[in-house]
Amino acid sequence: NYLTVILVNALFVFGLVNTRQLLSVNAVPAAKPVQPAKMDAKVDVIERAMNEEKLYLESNINLERFAEQIGLKPRDISAILKMHYQSNFFEFINRYRIEEAKRLLLAPEFKDETVLEIIYKSGFNSSSAFHRFFKRMVGMTPTEFRQQAREPSGS
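These numbers come from a predicted model, not from an experiment.

Looking now at the environment of Ile77. Within the element layout of this structure, Ile77 appears in helix α5 (residues 74–84). Judged by relative accessible area, which is 0%, Ile77 ranks as buried. Sequence separation of Ile77 and Val43 is 34 residues, and the distance between their C-alpha atoms is 8.6 Å. Residues in contact with Ile77, not counting those within four places in the same chain, are Ile46, Leu63, Phe66, Ala67, Ile70 and Leu72.

Encoded structure:
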């Protein structure tokens with residue numbers, strides 16, 4: 001018991017003596033922000049990949065695969081999406097997919113396609129994820145969207 005009391009007291013004294021070290025806050029250097037000039041160039045690469053190469057149409061695309069295909073680091077892409085688009089990768093890709101689905105739902109050449117066929121053509125591989133995201137972004141279901149577009153504006 002004496003040994004325990006001595007060890008506890010020694011620990012207490014050690015804590016008092018080294019309080020400054022224990023409580024001192026060392027500033028951790030912040031991650032280097034992407035420089036605007038470099039960010040603009042990287043945003044252009046991302047925009048080109050989405051608008052010209054339409055990488056969002058790949059149903060199995062993920063951040064690593066996307067980064068590999070456009071030649072940027074996944075970390076850089078995530079930072080740019082967060083800063084420039086206020087979005088994460090999943091939402092960023094799905095916004096493009098929803099816009100593609102809206103275009104297909106309205107296109108006369110796809111009027112006979114089912115919503116399920118359009119889901120897959122727009123890059124989604126999950127009907128439930130598509131419907132949930134579509135409703136959140138557009139405010140109505142894909143079927144309602146298509147019907148509303150077909151109705152004459154006077155009714």
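Let us now look at the packing of helix α8 (residues 127–138) against helix α9 (residues 142–150). Where α8 meets α9, the closest approach of the two axes is 9 Å, and the angle between their N-to-C directions is 50 degrees. Viewed along their axes, α8 and α9 adopt a mutual orientation that is oblique. Residues Phe130, His131, Phe134, Lys135 and Val138 of α8 pack against Pro142, Glu144 and Phe145 of α9. For the contact of α8 with α9, a count of residues per class yields five nonpolar, one polar and two charged.

Rules behind the numbers
Residues numbered from 1 in each chain as written. Predicted model: local features only at pLDDT ≥ 70, side-chain atom pairs only at ≥ 80, totals over all residues. Heavy atoms only, no water. Helix = DSSP H or I, 4+ residues; strand = E, 2+ residues; numbered from the N terminus. Buried < 20%, exposed > 50% of the residue type's maximum accessible area, 1.4 Å probe, protein only. Contact = heavy atoms within 4.5 Å. Axes fitted to C-alpha atoms, helices over the stretch in contact; angles between N-to-C directions. Parallel < 35°, antiparallel > 145°, perpendicular 65-115°, else oblique. Nonpolar A, V, L, I, M, F, W, Y, C, P; charged D, E, K, R; others polar.

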